[in-house]
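# Fold and contact review
Letter by letter, the chains look like this.
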Amino acid sequence: MRRISAVLLLPLLLCSCVSAAGREYEISAVTEESGYTCMVTEDVTLNGIWISQFDITDIWCDEAGQRPRDEFASAVKELCAGIAAGGYNAVFVQVRPYGDSFYPSAFYPPSAYAVGAYGNAFTYDPLEIFLSCAHSAGLEFHAWINPYRLMKTDEVCLLPEDSLIRRCADAGMFAEYDGRLYILPSDIARCRMILDGVRELVTGYAVDGVHIDDYFYPTSDPSFDGEAFSLSGESDMLVWRRNNVSRLVKEIYSVVKECDRDCVFGVSPAGNIDYSYNYCCADIYLWCSSEGYLDYILPQVYFGYSNPICPFSATLDNWISVVTNPDIRLYTGLAAYKVGATDAFAGAMSNEWIDTPGMLSRQIAESKEKTDGCVLFSYRYVFGKDVPRRPESKKTLPLPFADKSAY
């Protein structure tokens, strides 16, 4: 059993709380109003929530731009208090989905999801507010970025001409796939932009972690970076691609530790190990057995128990066997968005998430028993906000823990 101790969710009895990064924060009215505080230490099971660019767009902005500062601060304060009161102790907040930024950046333009449209500017720093509210509620804050994935080609032209991303795009420095631009993992010069962005985040904000997910190579098509491969002199494209990704993972880890030794770095690869290794070119075997790549691995084990390709328990056990470095923590990514929905990739078991009450609760319990905790994707599906559901969905999710039979 990897878990060391359970989460402490206590009535408000303390005057401060400590994050996994070892920092101490004052408890503000956010926590007092909820009546709870979380003591989040290195020995406590992680209970996390992903907050994607789609989850709280109505809080970040409207079509005209950012919400008024006070309105935004009040909404985020309430959001963080609600997450903490629900028993969670960490948020993984999207701050760079498409080569853009949810905070004023010297390297990346303001995200349309944060300021309403590409080309708009920040009038205040929303990340600073979000971070303060999260820490005041006793939540770890992990800054989630997508390193290689950029905007669509028709969105880049909306950026100011002097924008770094616009200038590089106009100069043909990015690869294109399916109408979207990407930084080639083999392009060391452009990858420095990614590292500069990480350095900017960790030095400018007291984030507890930096987090990247499974968007590495968007395709296995050799033409995506065939020219660069030919120039490399290497003979095996898959090995070459994995080495490209591993180099960046190692460099991000190094930058994070140079800036703040207490800040953690982790990756959330696809849960299907073969797909992650051979299609996305994520060398999880290297990262999870060596020093200097990761503090944690958070695979997206988004499968039902009877999934014909990756049944949940067997897949989780396989991930446990992959993590051979005892200093690397294993968290389980769980698919709250599939509750009550058809799983289009599960073949004959496509209705398992509809027909099996209590499945997510069972997966949470198994994850906490076998690993160091779990993270649910994502906020809107866990907290049942009024957001569009997937087309195949049969029902809306309840509020967290309100009706356990629905899980």
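The structure we're discussing is the one just above.
Below: a short report on this structure. Keep in mind that what you see is a predicted model, and the values were worked out from it rather than measured. (Residues numbered from 1 in each chain as written. Predicted model: local features only at pLDDT ≥ 70, side-chain atom pairs only at ≥ 80, totals over all residues. Heavy atoms only, no water.)

### Observations regarding helix 8 (residues 188-204)
Residues that lie three or four places apart on an α-helix share one face, since the helix turns once every 3.6 residues. In this model, helix 8 (17 residues) spans 24 Å end to end at C-alpha, consistent with the 24 Å of a helix rising 1.5 Å per residue. Where helix 8 is concerned, the buried positions are R190, C191, M193, I194, L195, G197, V198, E200, L201 and V202. Among the structural elements, strand 8 (90-96), helix 5 (126-136), strand 9 (140-145), helix 7 (164-170), strand 13 (209-212) and helix 10 (237-259) are those in contact with the buried residues of helix 8. (Helix = DSSP H or I, 4+ residues; strand = E, 2+ residues; numbered from the N terminus. Expected span 1.5 Å × (residues − 1). Buried < 20%, exposed > 50% of the residue type's maximum accessible area, 1.4 Å probe, protein only. Contact = heavy atoms within 4.5 Å.)

### Quick word on the sheet that holds strand 10 (residues 149-152)
What the 3 strands build is an open sheet, ordered 10-12-11; its pairing is antiparallel. Since the sheet does not close on itself, it has two edges, and those belong to strand 10 and strand 11 (175-177), each with one partner. With strand direction ignored, the average angle separating the axes of adjacent strands in the sheet is 35°. Bridge analysis of strand 10 against strand 12 (residues 180-182) gives 2 bridges, and the strand direction is antiparallel. Residue pairing in the sheet places K152 in a bridge with R180 of strand 12. (Pairing = 2+ DSSP bridges. Axes fitted to C-alpha atoms, helices over the stretch in contact; angles between N-to-C directions.)

### A word on the sheet that holds strand 17 (residues 332-335)
Strand order in the open sheet made by the 9 strands is 16-15-14-13-9-8-5-18-17, with parallel pairing throughout. Each edge of the open sheet is held by one strand with a lone partner, namely strand 16 (329-330) and strand 17. Sheet topology places strand 5 (residues 46-51) next to strand 8; 4 bridges connect them, and they run parallel. When the bridges of strand 8 are listed, G48 appears paired with A90. Those strands touched by helix 8 are strand 8, strand 9 and strand 13, and its axis lies near 135° from that of strand 8. Of the strands in this sheet, strand 5, strand 17 and strand 18 (373-377) are in contact with helix 15 (residues 359-370), which crosses strand 18 at around 150°.

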